[in-house]
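Below, each chain spelled out in residue letters.
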Amino acid sequence: MTRHALDLTINGESHQLMIEPHWSLLHVLRGELGMTGTKENCLEAECGVCTVLLDGKAVNSCILLAEQCRGRSIVTIEGLGDPEHLHPLQAAFIKHGAVQCGYCIPGMIMTAKSFLDERRGHVPSEAEVREALSGTLCRCTGYQKIVDAVIAAARQRNSWPEEARRS
Amino acid sequence: MGFAFHRPETIDAAIGLGRQHGEAARFLAGGTDLIIQINRRRLAPQHLISLAGLGLDGISETPTEVVIGAMATHDAVVSWPGFQKELLALPQASAVIGGRQIRNIATVGGNIVNASPAADLVPVLLALDATVDLSGSTGSRSLPLDRFLVERGRTERRPDEILTTVRFAKPPAASATWFLKAGRRKAMEISVICVAVHLVQNGKARIAIGAAASRTVRVPEAEALVEKQGLSAFREAGQIAADKTTPIDDVRASARYRKLLVAKLVERALAACADRIERADP
């Protein structure tokens, strides 16, 4: 199949790509752009490790065609923060020891970010956080600390820097 | 694996592409099922025709009717303020489809056209006597959803037809809808049985059941009994529903267990509707 041009906006930057029509967004991120923060696992939208934000909403990049993202805004874990400027959710995950093997964590953080952005400052209950994260699996089963970290980050949302609140 | 991706700018252009490529093409809504089927090599369309950007993703209400665009996501259904009272079963069902990531992409139209007997929103729409609107190369037509659904994976839709909207009459104030789902876990689960009930005070009763037959079904005999006898017939209506449905044994549950669930969930959903009507009535 011949390739064709696709411009994608990822983490605020425009990327000019030549893609095949069946490529998933996940394949473009990892295979074409080397952005390996977004993880690959089940490839059937069951596990959530590939979660990114599409126009601010959490989506499974493994079953989303790159073509479906034309003209829309994508944010990956690389766009959230860096070691010198952690996103408050990243800082909360570290503080609460919410990371075991770490493989699910980028997806967890992107899922949590979209959830908290939608709630706009309302601190969610533990049940609400667990429901929100239900499409994102941790096989170390370290859920309690993950949930604690998300709630702690939500509580401090008013003191998040402006760019951390942007979706 | 390889297909051409088409992004038509109008509904007519999309229909034209559908007509041109016929069985070799598939319309793409959210793609949360279609892309997985392609990846598993169960489907190998040569053309994907995107339905994004055609203005089919809206939800609107008139004084008498609710119209949901086929491309509206389940997240949009969950968030729609007009669905919090008599139409609560709509967000109840959409809220348990996949996880958040799926609900942000998967569409109402996809849930209908895919024609899975276990589709969660379809029983609610059936219970609301919904109508589907189709546009194709020979024009537009509307069909009751109950007639549109044929069996697992099959509908009355022709290959060049697009499901554009699903609509239903606004229920009266003294009415309620309720949705119940049984799965093997609380989230990210395909229904073992799902049930939707629509009850109008001193009026009609609708009972629709998913994952209990080769398509989502209504149970007119149970509905008639409830319409005639009201509250006192809820348990018997559940039993009739269990008797009339034809679930299968599969990896998720046995047919026998599914029938037990049908009886109980129908009774509970009817009771929940009656309770809501009573509470809303001062």
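Residues numbered from 1 in each chain as written. Chains lettered and ligands numbered in written order. Predicted model: local features only at pLDDT ≥ 70, side-chain atom pairs only at ≥ 80, totals over all residues.

Q: Even after reading the chapter, I still don't get the sheet that holds strand 5 (residues 65-69) of chain B, so can you show me in this structure?
A: Within a sheet, neighbouring strands are paired by backbone hydrogen bonds and run either parallel or antiparallel to one another. All names here are of chain B. The antiparallel open sheet is built from 5 strands, whose spatial order is 4-5-10-6-7. A strand with exactly one partner marks an edge of an open sheet, and here the two such strands are strand 4 (59-61) and strand 7 (139-144). Averaged over all neighbouring strand pairs, the angle between strand axes comes to 20°, with direction disregarded. Sheet topology note: the strand 6 (residues 131-136)/strand 10 (residues 162-169) ladder contains 5 bridges and is antiparallel. Each bridged residue has a counterpart across the sheet, and for V132 the counterpart in strand 10 is V166. The strands that helix 1 (residues 11-21) touches are strand 6 and strand 10; relative to strand 10, the one it contacts most, it runs at about 125°. (Pairing = 2+ DSSP bridges. Helix = DSSP H or I, 4+ residues; strand = E, 2+ residues; numbered from the N terminus. Axes fitted to C-alpha atoms, helices over the stretch in contact; angles between N-to-C directions. Contact = placed C-beta atoms within 7 Å.)

Q: Can you walk me through the domain arrangement of chain B in this structure?
A: Size of an interface: often given as the accessible area lost when the parts come together. All names here are of chain B. The domain architecture assigned to chain B consists of domain 1 (4-50), domain 2 (59-169) and domain 3 (175-280). Taken over C-alpha atoms, the centre of domain 1 sits 19 Å from the centre of domain 2. Contact with domain 1, which involves 12 residues of that partner, is made by 17 residues of domain 2. With 5 residues, the top contributor of residues to the side of domain 1 that touches domain 2 is helix 1. Along the lines of polarity and charge, the residues of the side of domain 1 that touches domain 2 split into 5 nonpolar, 4 polar and 3 charged. (Domains from an automatic or database assignment. Nonpolar A, V, L, I, M, F, W, Y, C, P; charged D, E, K, R; others polar.)

Q: How do you make sense of unusual backbone geometry when you look at a structure like this?
A: For residues other than glycine, phi is negative in most cases, and the peptide bonds are mostly trans. All names here are of chain B. Here the phi dihedral of D129 falls at roughly 55°; this positive angle occurs in a residue that is not glycine. Residue position: D129 is located in the loop between helix 7 (121-127) and strand 6. For M188, which is not a glycine, the phi torsion comes out positive at approximately 55°. As for its placement among the helices and strands, M188 is situated in the loop between strand 11 (175-182) and strand 12 (193-200).

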